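# A look at the structure
Letter by letter, the chains look like this.
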Amino acid sequence: MNEENPKIEDIVSLCKRRGFIYQGSEVYGGLSGTWDYGPLGVLLKRNIMNLWWQHFVEARDDMYAVDAAILMNQKVWQASGHVDTFVDPLCEDTVNHRRYRTDHMLKDNGINPEGMTMEQMDAAVVEHGVKSPDGNPLSQSRSFNMMFETVVGPVADDKSISYLRPETAQGIFTNFKNVVDSFYPNLPFGIAQQGKAFRNEIAPRDFIFRSREFEQMEIEYFVHPDDWQQSFDELLASIHQFLEKLGLSPENVHELDVPEEERAHYSKKTIDIEYDFPIGREELLGLAYRTDFDLSNIQRVSKKSMEYQIKGTNERFVPHVIEPSFGVERALMAVLTESYREDEQNGEKRIYLALPEYLAPMRMAVSPLLKNKPELVEKAREVYSALKKKHGNVMWDDNGNIGKRYRRQDEIGTPECVVIDFDTLEDDTVTVRDRDTTEQRRVAIKELIG
Ligand code: GAP
């Protein structure tokens, strides 16, 4: 863990103060595990998702995209194993009946639960005398399915049960045949999807790190079974390139080759990419070799062939799959962690976000030096309109004195502030102030908007 990492409270406080992220349903006391994105959070999140899209979809010629429905036929989740096995171990404080994840209770007490069965976790609770956060004995664990169940249509019976999807992946697998029929791509090829996922986490915590509603960016990359390792390695290298584009320092990013007993039921090899978050080293994303687990299950349950025929040959088989799976919120939290900086300017503490220019919610801010001088305001409005036309994400800022404006823009990560002063009226130049160095330079308006 990087000693210089900010504290989680610093990030939460900045996010709320500056309009990035608010607690979901805050006005009614909140809804645990949900978060709302404010005006700047929406932009930062969208920039991260767009960067992913450019990197993994647009820049490649072997990717196809889908946007599947969130509600799916219940058979999807039966075939995928989620109905039976998408569970976490739940235990209860035997006095006040508050509920916890048993593995979290162990972890919080310095015991590593990785690879333990539920019975082994219960035994560890007893052996180490682990108590609830309120100091009471814990009950034995039971399996808790994390899917949100709902009813589709006006009749509530077994057949109308559906679930809010707990991963976007199944919307890709169920469209594999459609994409092959429409495009018949050569193997290997991928199908990508971005969108919401929902998990009824027993204990959502650590800000947006573990939420009940979040967003995923996933690829199912279909390969010949003999070639899986090559594609796995290629995608792993591409993931590292993407993380660099996010601005994450390689020393904060770690690969964990997940041992067999800890891998998801469908995976033959998984590398978790972990990041040094303020809450510790935790999973940022996963890269899994899912074999033909999903397509074969779909074939078995739907009775429709998921086989792929190599063009010009009689070779037919169910393709195997490599899956890079990203959580948008975790990527966003890593970006905030990495870019959060504190320094001192003119004897005063300053907070700023050193975001890469292409991720910053605002590319520039434009201000008249004094807002009560109509000639300055008029000129500043002209410059603002031209820059907004050029960049789109440009903010007009005439609130408070110039020092306050700089501080506000630093905190939201705006790379440059443009100030129109009396000299501008004479020589058509403006002051451009750099966020990271705070250095100011004089630039001709023509050059700036050119
Ligand atoms: N399709 C595979 C899959 O969903 P996962 O490891 O369960 O795998 C993938 O989830 C990624 O989704 C995680 O690495 C993480 O970034 C994100 N994620 C999972 N659960 C999350 C939660 N409760 N809150 C925020 N992000 C979550």
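Residues numbered from 1 in each chain as written. Predicted model: local features only at pLDDT ≥ 70, side-chain atom pairs only at ≥ 80, totals over all residues. Heavy atoms only, no water.

### Remarks on a nonpolar patch on the surface
Side chains of Leu369, Leu370, Phe422 and Leu425 sit close together on the surface and give an oily, nonpolar patch of about 300 Å² of accessible area. As for its placement among the helices and strands, Leu369 is situated in the loop between strand E19 (364–368) and helix H12 (374–391). (Patch = residues over 30% accessible without salt bridge, like charges linked within 9 Å, V, L, I, M, F, W, Y side chains within 5 Å. Areas by Shrake-Rupley, 256 points an atom, 1.4 Å probe, with all protein chains shown as cover. Salt bridge = Lys/Arg side-chain N within 4 Å of Asp/Glu carboxyl O. Helix = DSSP H or I, 4+ residues; strand = E, 2+ residues; numbered from the N terminus.)

### Concerning unusual backbone geometry
The omega torsion across Leu187 and Pro188 is -5 degrees, close enough to zero to call that bond cis. With respect to the secondary-structure elements, Pro188 resides in the loop between helix H8 (176–183) and strand E9 (189–198). Phi is positive for His97, close to 65 degrees, though the residue is something other than glycine. With respect to the helices and strands, the residue His97 is situated in the loop between strand E4 (87–92) and strand E5 (99–101). The phi dihedral of Asp428 is positive, around 55 degrees, even though this residue is not glycine. Counting through the fold element by element, Asp428 comes out in the loop between helix H14 (422–427) and strand E22 (429–434).

### Some details on the packing of helix H2 (residues 39–58) against helix H11 (residues 328–339)
Orientation of H2 relative to H11, taken along the N-to-C sense of each, is 110 degrees, at an axis distance of 10 Å. Judged by the inter-axis angle, H2 sits roughly perpendicular to H11. For the pair formed by H2 and H11, the contact residues are Leu44, Lys45, Ile48 and Met49 on the first element and Val328, Glu329, Ala331, Leu332, Val335 and Leu336 on the second. (Axes fitted to C-alpha atoms, helices over the stretch in contact; angles between N-to-C directions. Parallel < 35°, antiparallel > 145°, perpendicular 65-115°, else oblique. Contact = heavy atoms within 4.5 Å.)

### Here we look at helix H13 (residues 402–411)
Residues of H13 that are buried: Arg405, Tyr406, Gln409, Asp410 and Glu411. A distance of 3.1 Å separates the backbone nitrogen of Gly403 from a side-chain oxygen at the start of H13, and that oxygen is part of Asn401. Immediately downstream of H13, the backbone of Gly413 shows phi near 85 degrees, a positive value. (Buried < 20%, exposed > 50% of the residue type's maximum accessible area, 1.4 Å probe, protein only. Polar contact = N/O pair within 3.5 Å; in protein donor to acceptor, adjacent residues only side chain to side chain.)

### Quick notes on the sheet that holds E19
Ordered in space as E20-E19-E21-E22-E23, the 5 strands form an open sheet in which the pairing is mixed. The strands lining the two open edges of the sheet, one partner per strand, are strand E20 (394–396) and strand E23 (440–444). Strand after strand, the sheet turns through a mean of 30 degrees between neighbouring axes, direction not considered. Where E22 lies against E23, 5 bridges are found, and the strand directions are antiparallel. Across the sheet, Val430 pairs through a bridge with Val443, a residue of E23. (Pairing = 2+ DSSP bridges.)

That is the geometry; function is a separate question.
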